[in-house]
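Structural overview for review
Single-letter residue listing:
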Amino acid sequence: MNWRAIRAMYVFEMSRFFRTLLQSFVSPVISTSLYFVVFGAAIGSRIDQVEGVSYGAFIVPGLIMLSVMTQAISNASFGIYFPKFIGTIYELLSAPINFLEVVLGYVGAAATKALFIGLVILGTSSLFVDLSIQHPLAMLAFMVLTCLSFALFGFIIGIWAQNFEQLQLIPLLVVTPLVFLGGSFYSISMLPPAWQTISFFNPVVYLISGFRWSFFGVADVPIVLSLLAIAGFTALCLGIIWWIFKTGWRIRA
Amino acid sequence: MQPMVEISDVSKTYKDGFRALNGVSLDIEDGEILALLGPNGAGKTTLISAICGITRPTDGTIRVGGHDVVAEYRGARALVGLVPQEINLEPFERVMNTVRFSRGLFGKPKDDGFLEKILRQLSLWDKRNARIMELSGGMKRRVLIAKALAHEPRVLFLDEPTAGVDVELRRDMWEVVRELKLGGVTIILTTHYIEEAEAIADRIAVIDKGRILLVEEKDALMTRLGQKELRIELQEPIEALPGALAGRGLQLEEDGCVIVYTYDTAEERTGITSLITDLSAAGLVLRDLQTRQNSLEDIFVGLVGDKGDAA
């Protein structure tokens, strides 16, 4: 392993993040606050507890997941698309590194940024609602795994995209609906039976459910299924990336 | 001594069927400056890309410092620095940062002292904290060179280093290349300017349509390129050259209407004055004079023609 190369890519990517630290910090704080004003105060005051948890607290895991997933995808997809767009990818291709090292550098940085945002939202949330985290280690593990797997997914999108529109397409058309319909703001058990069945085909349901379990000890699906879902998703993304680098698809002209 | 870069029978066919390289074989010696000369679309960039790992050859093998560029890519690529043709740089990044990144990417330990030396050599030290977008075009090109040199490569590829660069900058760039050679770096540069190859190369390889047409010491090639033709059109055709004009290698063409004199522009005396004097002494009346330089294209045409005959 070329650890120096991994570090160089990681540090370089992170420096882009630190250049815009204020924006990176302020925008999740503001959007989380808005969610709490709308869902927590305005709507939440009319909703009783959900599965024994106050509605304001209930939506916290979903809110964090929503931001973590979209941030991981957009950071990773932009991180690898930008060098392709401006041409600096030649350096990555001519360097003595393999695909795993590129992935560790770029995906690692994107996941770190998403994790940072997730923690900021967690901190902001604790200002609005009383939060007790029953399984803090599991919570952290779920968050890190989600950051990593969605950063891998974003990396694939970044390589696949041939223009900025395509870069936005998958997050906007696929990921956001899946996250919103994945029980971010409600429990699956609140849905009519038919919709419950449909929801179980949504992979995001398993992630949010597992993440919520680590907070409140209640889940829509068994925790093992949540872990399997995220492991499977990670493995699938890694497999696709390995294939991309092996064939040079959309990278090597 | 083992060549620094050994290219054996390399071909590259793109997906659309375009054959950019067609059985290229070329050895590049340690420490030399080789100019890869050819028109646009000749396959220069493809050849460089294949050596650097940006594109995979369809056939053939390439070794750098004895390492196969595909099987032993780590060993091979660690030796190679590439300065691309396009100015590919992140506009918001600072000079020092991008150079540091390049060094790390190639697995070299952090050494800001060494980077300072490179930036000073390229007159970029004062700009080390400037953002790339604040730099002029010539400086950006130097940043690309600094990035390529940051990991101490043994071989440096310069793809059209002076395309779109003004005359003064071009001379600066040549100076930089000469200094690098003194430092022991093997340099391969592509160009379609014959003057550029003439100014800095030790050897010149001519490439066209994906084939290497010739590889020659610069001095030998320049002699051939330096040949010029003087075509003297006569008022009246003559049957044979007057005896007084023998021994100059003159040729009679177009049914005796034109006398062709070939001379070397590099010589101190071209012999034109005495030829004209002798012509008028022989009583020949001149209608017109024309000179024609042996151009790179002429050599191309000649080489392609030769290859065609041989096949």
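Quantities reported herein were computed from a predicted structural model and do not represent experimental measurements.

1. A closer look at the overall build of chain A
Scanning chain A from N- to C-terminus turns up 10 helices and 0 strands. Put simply, chain A runs from its N terminus to its C terminus through helices and strands in the order α-α-α-α-α-α-α-α-α-α. Taken over C-alpha atoms, the radius of gyration comes to 19 Å for chain A, in line with the 18 Å a tight globule of 253 residues would show. With the principal axes as the frame, chain A shows a C-alpha extent of 60 × 40 × 35 Å. Classification of the 253 residues of chain A by burial places 51% in the buried group. Sequence-distant contacts, at least 24 apart, represent 79% of the contacts inside chain A between residues at least 6 apart. Summed over its atoms, the accessible surface of chain A is roughly 11,100 Å², and 72% of this surface lies on carbon and sulfur atoms.

2. Focus on the interface of chain A and chain B
The interface of chain A with chain B comprises 27 residues on the first partner and 31 residues on the second. Contact between chain A and chain B buries roughly 2,700 Å² in total, counting both sides, with carbon and sulfur atoms accounting for 56%. The three residues of chain A that bury the most area against chain B are Phe12, Tyr90 and Pro96 of chain A, which together make up 27% of that side's buried surface. At the boundary of chain A with chain B, the tally comes to 4 salt bridges. Glu101 of chain A is paired through a salt bridge with Arg74 of chain B; the nearest N and O atoms lie 3.0 Å apart. Viewed at the interface, chain B and chain A are joined by 11 residue pairs in polar contact (both at pLDDT 80 or more). Only α1 (3-19), α3 (55-86), α4 (89-94) and α5 (99-128) of chain A provide two or more residues apiece to the side of chain A that touches chain B. Sorting elements by how many residues they give to the side of chain A that touches chain B places α1 of chain A first, with 8 residues.

3. Details of the environment of Thr98 of chain B
Within the element layout of this structure, Thr98 of chain B appears in helix α3 (residues 95-105). It is 33 Å that separates the C-alpha atoms of Thr98 of chain B and Leu26 of chain B, two residues lying 72 residues apart in sequence. Contacts of Thr98 of chain B, omitting those with residues within four sequence positions, involve Phe12 of chain A together with Glu93, Ile132, Val143 and Lys147 of chain B.

4. Points about the packing of aromatic side chains
Residues and elements named next belong to chain A. This model, assessed by the stated rule, comprises 18 aromatic pairs over all chains. For the pair Phe155 and Phe245, a centre-to-centre distance of 6.3 Å together with 15° between the ring planes defines the contact as stacked. With a gap of 90 residues between them, Phe155 in helix α6 (residues 136-160) and Phe245 in helix α10 (residues 223-247) connect regions that are remote in the sequence. What makes Phe155 buried here is its relative accessible area of 0%. Look at Trp243 and Trp249: their rings are 5.8 Å apart centre to centre, the planes differ by 45°, and that puts the pair in the tilted class. Relative accessible area serves as the criterion here: at 41%, Trp243 is assigned to the partly exposed category. Three or more aromatic residues link up through ring pairs in this structure, and these residues are Phe17, Phe18 and Phe116. The residue whose ring lies beneath Arg212 is Phe58, and the NZ or CZ to ring-centre distance is 3.7 Å.

5. Brief notes about the packing of α6 of chain A against helix α7 (residues 164-180) of chain A
All names here are of chain A. α7 packs onto α6 with a crossing angle of 135° between their chain directions and a minimal axis gap of 8 Å. Classed by the angle they form, the pair α6 and α7 counts as oblique. Here Phe153, Ile157, Gly158 and Trp160 of α6 lie close against α7, whose contacting residues are Gln166, Leu167, Leu169, Ile170, Pro171 and Val175. Per-class residue counts for the contact of α6 with α7 are 8 nonpolar, 2 polar and no charged.

Reading guide: rules and limits
- Residues numbered from 1 in each chain as written.
- Chains lettered and ligands numbered in written order.
- Predicted model: local features only at pLDDT ≥ 70, side-chain atom pairs only at ≥ 80, totals over all residues.
- Heavy atoms only, no water.
- Helix = DSSP H or I, 4+ residues; strand = E, 2+ residues; numbered from the N terminus.
- Rg over C-alpha atoms; globule rule 2.2 N^0.38 Å.
- Buried < 20%, exposed > 50% of the residue type's maximum accessible area, 1.4 Å probe, protein only.
- Contact = heavy atoms within 4.5 Å.
- Areas by Shrake-Rupley, 256 points an atom, 1.4 Å probe, with all protein chains shown as cover.
- Buried area = accessible area lost by both parts, 1.4 Å probe.
- Salt bridge = Lys/Arg side-chain N within 4 Å of Asp/Glu carboxyl O.
- Polar contact = N/O pair within 3.5 Å; in protein donor to acceptor, adjacent residues only side chain to side chain.
- Phe/Tyr/Trp six-rings, centres within 6.5 Å; stacked < 30°, edge-to-face > 60°.
- Lys NZ or Arg CZ within 6 Å of the ring centre and 35° of its normal.
- Axes fitted to C-alpha atoms, helices over the stretch in contact; angles between N-to-C directions.
- Parallel < 35°, antiparallel > 145°, perpendicular 65-115°, else oblique.
- Nonpolar A, V, L, I, M, F, W, Y, C, P; charged D, E, K, R; others polar.

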